[in-house]
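# Architecture at a glance
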Amino acid sequence: MNKRILISKANISNNKLLLQVNEPISGLIPTEQILVDSKQFSFVYLMENQEGYTYIDIPESIWPLLKETLTRQIAVWIHFDEEELELTNFNEELVDIINNIRGNSNYGEEMVAKVEGIF
């Protein structure tokens with residue numbers, strides 16, 4: 001069964017971006033893929049476990065911190081209570097998806113404008 005986890009807040013600490021969530025992340029495995037939800041204006045990091053996929057939903061409000069991770073080349077981690085898990089290949093995938101969105105009306109004019117405005 002597929003499920004979505006929304007990032008509740010984020011901060012940079014100890015040279016890594018911590019994406020805070022409100023539910024357990026144990027058993028999740030990074031797939032090293034980022035999708036786009038152009039209706040909700042979010043990037044979605046794909047993870048999996050034995051039950052299916054989990055979509056880590058990163059809303060537009062977090063994007064300025066994502067830009068900083070790209071500029072500083074720091075790792076991105078998901079965090080719940082005492083659990084932390086690195087979202088491997090995140091920066092590389094994000095650069096690829098941003099480059100694909102720029103000037104590409106297939107994502108919708110508003111999504112393109114938002115991405116170009118921040119990144």
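Predicted model, so just to flag it, every value in this text is computed and none were measured. (Residues numbered from 1 in each chain as written. Predicted model: local features only at pLDDT ≥ 70, side-chain atom pairs only at ≥ 80, totals over all residues. Heavy atoms only, no water.)

## As for the overall build of the protein chain
On a plain count of helices and strands, the protein chain comes out with three helices and eight strands. Scanning the protein chain from its N terminus toward the C terminus, one meets helices and strands in the order β-β-β-β-β-β-α-β-β-α-α. Compactness check: the protein chain gives a C-alpha radius of gyration of 14 Å against a globular reference of 14 Å for 119 residues, within 12% of the reference. Based on the C-alpha atoms only, the size of the protein chain along its principal axes is roughly 40 × 35 × 20 Å. Counting every position in the protein chain, which comprises 119 residues, the buried fraction comes to 42%. Intrachain contacts of the protein chain at a sequence separation of at least 6 include 54% that bridge at least 24 residues. (Helix = DSSP H or I, 4+ residues; strand = E, 2+ residues; numbered from the N terminus. Rg over C-alpha atoms; globule rule 2.2 N^0.38 Å. Buried < 20%, exposed > 50% of the residue type's maximum accessible area, 1.4 Å probe, protein only. Contact = heavy atoms within 4.5 Å.)

## What about the pairing of strand β4 (residues 29-37)?
Of the pairings in the sheet, the one linking β4 to strand β5 (residues 42-49) comprises seven bridges and is antiparallel in character. When the bridges of β5 are listed, Leu35 appears paired with Val44. Here β4 folds back onto β5, and the loop between the two strands holds four residues, one of which, Phe41, carries a positive phi near 55°. (Pairing = 2+ DSSP bridges.)

## With respect to helix α3 (residues 109-118)
Among the residues making up α3, those that are buried are Met111, Val112, Val115 and Ile118. On an axial view of α3, the arc spanned by its buried residues comes to 145°, and they lie on one face. Turned more than 90 degrees away from the buried face of α3, the exposed residues are Glu109 and Gly117. Against the buried residues of α3 lie β4, β5, α1 (63-72) and α2 (90-101). (Arc of directions from axis to C-beta.)

## A few points about α1
For α1, the set of buried residues is Trp63, Leu66, Thr69 and Leu70. What you see down the axis of α1 is that its buried residues fit within an arc of 105°, all on one side. Structurally, α1 contributes buried residues whose contacts are with β3 (16-20), β5, β6 (52-59), β7 (75-80), α2 and α3. Note on α1: the residue one or two positions beyond its end, Gln73, has a positive phi of about 55°.

## With respect to the sheet that holds strand β2 (residues 9-13)
Read across the sheet, four strands follow the order β2-β3-β7-β8 without closing on themselves; strand pairing throughout is mixed. Among the strands making up the open sheet, the edge pair consists of β2 and β8 (83-86). On average, each strand axis in the sheet is tilted by 25° relative to the strand beside it, whichever way the strands run. Summarising the sheet, β3 and β7 pair through five bridges and their orientation is parallel. Within β7, the residue paired with Leu19 across the bridge is Ile78. Along the sheet face, α1 touches β2, β3 and β7 and points at about 25° away from the line of β2. (Axes fitted to C-alpha atoms, helices over the stretch in contact; angles between N-to-C directions.)

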